[in-house]
Amino acid sequence: MKPEMSDAVEAGSRASRPTSGRESAGRDTARGVFLGVVLSLAALAQGAHDLWAATAVYTVTLLWLGAGVLAAAWSREKDGLPLGAAAPLALVGGAMWLSWRQAVNPGDSLFGLMDWLCVLGMFFVSMRAFKEQSARDAFLASLVPVLAFEGCLMFVQHLQAKNFFNYQAPGTFPNAQAAVAFALPWIPALALKVWRGRGAGLWQRCYWDAGLIGALSLIPLAECVSGLVLVLLCVPFLAGPRTVLRWVERHRSWAGGGAVLGISAVAWLLWKKLQFSCFVTGLPMRSGDPLMRLSWWASGWKMFLSRPWLGVGPDCFEFAYPSFRDPAAELSITYSHSLVLGLLAETGIIGTASLAVFGAWWLRQARRLGSTMQERWPFALGTMLFLSFAVVNVSIEYLAVQIAIALCMGLAVAPGGGPAWAPRKSGAIAAAALAICSLPWIFQPWLASRLLVEGEAALQTAELAAAQDAFSAAAGYDSRHFEPERGLARVHHARFKATRDPASLEAAVLHQRRATELNPMAATLWLDLGVYLAESGKPVEAWAAVEKAESLDKGRPWWKADVEALRVRMRKAEEGGRAEKANAGTGGNRSPQPRPR
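Everything in this summary refers to the structure shown in the same document. (Residues numbered from 1 in each chain as written. Predicted model: local features only at pLDDT ≥ 70, side-chain atom pairs only at ≥ 80, totals over all residues. Heavy atoms only, no water.)

What follows is about the nonpolar core. Most often, soluble globular proteins keep nonpolar side chains buried together rather than apart. Formed by 109 residues in total, the largest nonpolar core has its most connected members in Leu39, Phe123, Phe139, Phe182, Trp186, Leu190 and Ile403. Among residues more than four places away in sequence, those in contact with phenylalanine 123 are Leu89, Phe358, Trp361, Trp362, Ala406, Met409, Gly410 and Val413. (Core = buried A, V, L, I, M, F, W, Y, C linked by side-chain atoms within 4.5 Å. Buried < 20%, exposed > 50% of the residue type's maximum accessible area, 1.4 Å probe, protein only. Contact = heavy atoms within 4.5 Å.)

Our next topic: helix H9 (residues 202-221). Its 20 residues place the ends of H9 28 Å apart at the C-alpha level, agreeing with the 28 Å of an ideal helix rising 1.5 Å per residue. Regarding H9, the residues found buried are Trp208, Gly211, Leu212, Gly214, Ala215, Leu218, Ile219 and Leu221. Structurally, H9 contributes buried residues whose contacts are with helix H6 (133-160), helix H7 (176-183), helix H8 (187-196) and helix H10 (225-234). Looking one or two residues beyond H9, the residue adopting positive phi is glutamate 223, at roughly 55°. (Helix = DSSP H or I, 4+ residues; strand = E, 2+ residues; numbered from the N terminus. Expected span 1.5 Å × (residues − 1).)

As a further point, take unusual backbone geometry. Although it is not a glycine, glutamate 223 sits at a positive phi angle of roughly 55°. Mapped onto the elements, glutamate 223 comes out in the loop between H9 and H10. Positive phi outside glycine occurs at alanine 462, with the angle close to 65°. Its place among the elements puts alanine 462 in the loop between helix H19 (439-460) and helix H20 (464-477).

Another aspect to go through is the environment of glycine 66. With respect to the helices and strands, the residue glycine 66 is situated in helix H3 (residues 51-74). Taking the C-alpha atoms as reference, glycine 66 lies 7.9 Å from alanine 428; in sequence the two are 362 residues apart.

Within the element layout of this structure, histidine 511 appears in helix H22 (residues 502-518). Given the relative accessible area of 12%, histidine 511 is considered buried. In terms of polar contacts, histidine 511 uses its side chain to reach the side chain of glutamate 485, at 2.8 Å. Ignoring anything within four residues of it in the chain, the contact list for histidine 511 reads Glu485, Leu488, Ala489 and His492. (Polar contact = N/O pair within 3.5 Å; in protein donor to acceptor, adjacent residues only side chain to side chain.)

Before going further, it helps to examine the packing of helix H4 (residues 86-101) against helix H15 (residues 339-368). Relative to each other, H4 and H15 sit at 170°, their axes nearing to 9 Å. If you check the angle between H4 and H15, you find them roughly antiparallel. Facing Pro88, Leu89, Leu91, Val92, Ala95, Met96 and Ser99 of H4, the residues of H15 in contact are Glu346, Thr347, Ile350, Gly351, Ser354, Leu355, Val357, Phe358 and Trp361. A breakdown of the residues in the contact of H4 with H15 according to their chemical character gives 11 nonpolar, four polar and one charged. (Axes fitted to C-alpha atoms, helices over the stretch in contact; angles between N-to-C directions. Parallel < 35°, antiparallel > 145°, perpendicular 65-115°, else oblique. Nonpolar A, V, L, I, M, F, W, Y, C, P; charged D, E, K, R; others polar.)

This is the structure we're talking about:
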């Protein structure tokens, strides 16, 4: 029998053996619960910011994709893969890969690339998982416990703070604003659940009330003025797109006045945000400077202009920022506090444009849903609420928040994913096997990080052989990261200080040079290289490394003190070298060139 005829017979056999409605509903519910549990665990694990938690999420996503391909091939229903979503997702993934290839710090940027691929995979599975109401309800219900827990935890953190009314409680997230960003997409859907459930049982009402109260409480507990204003502005839109459009047509004057009021509120919000943004990661900013956020945005814009096409690399804002920092900004921030500027700085025009194309595709799918969009309107509204918040605040810097907005967008347009495609069984088996074979590649960065921890512990206890073995093994697992090379340089330098063996110092210089090649914008790497070169008797190269370090990190007093201390040491070393040469009667006319101060 020909393959084409075999596929037709197989498709007919699927149609002749439909599953029962109960089985289908149970499968949809299980999918929703599973994705909700994964997102909840990612949020509780500090937003999946730690590498072990991120690796677990990567693994689950990859295995879920493989299982989805197998299920689509063996499904007895027309429940294939959303073929229409593949092209825009592949476009974004390709743009992020190109940006990573040109990253200033490819080792750390690899984590950003893996975050993006994981999020794109989560959106793809959501297009298949959230087609039915039962899956949406199960997913939303599974988020209620984590939202309620975050609210309770942040309240307890406020009670333990010295100043209850001047403290940003982070909850389980590293940053309080990230906790707000995680909760915002679900507030409209939870609000409608509470509103429509007034006739339900007591326990059901209390359950949805707990989720909504928990999500809303994160906003004042994080002292997030922007989140509060945006939630208030979106309340009229909870009635749905049709109701809102009809009301606008009947009350044009009221609609115009409301628009003016909303614009005024946003303008006031921006000013207050710029005026009172005084805390980043719990540390006070320089007092008396109400517009510090503008300097962060200006630094992000300069970063974008330095690499306009592909940016500095996914998740590399933190490493490139010191080179573009305003000298008055004493803190080193890890994100731009603006979704647009952050994307431009990290992924350039190509990465940002690919996301814009994806956004246009998403809006087109939402328009195609027609009447079905009325049911999914809360998730579309939650998406808009999150994006409005992210323009001037922390947003997708944490994996759990990225997954949250990806799933929310998938919930809004899941039935509009285009034609369903059921792959052949042989192709599905090959794809699943490829996913399993990719697991070692996913685990390599995490294994390397464990070895780095072991090497650091051995180095602290002067077990140089064990430290060298650990750092060498880490370099074998993750050759793109600079930390193993830096660790090996420290090991050889420690061995030189103990034995005064010149070969060890040469090895330290070699590994430190490799570290600067892998992360050329890290000022501390260049400063350490200057130390090793100075001790090697290479003052010209040492001064060049120190000057490079000073040009990369600007404005911080402690940094200036470290650099000046090294300058003093190097001058003394040069003077001592010249005195030795003078006493020996050789090399008197070969003194080093004067160094700029």
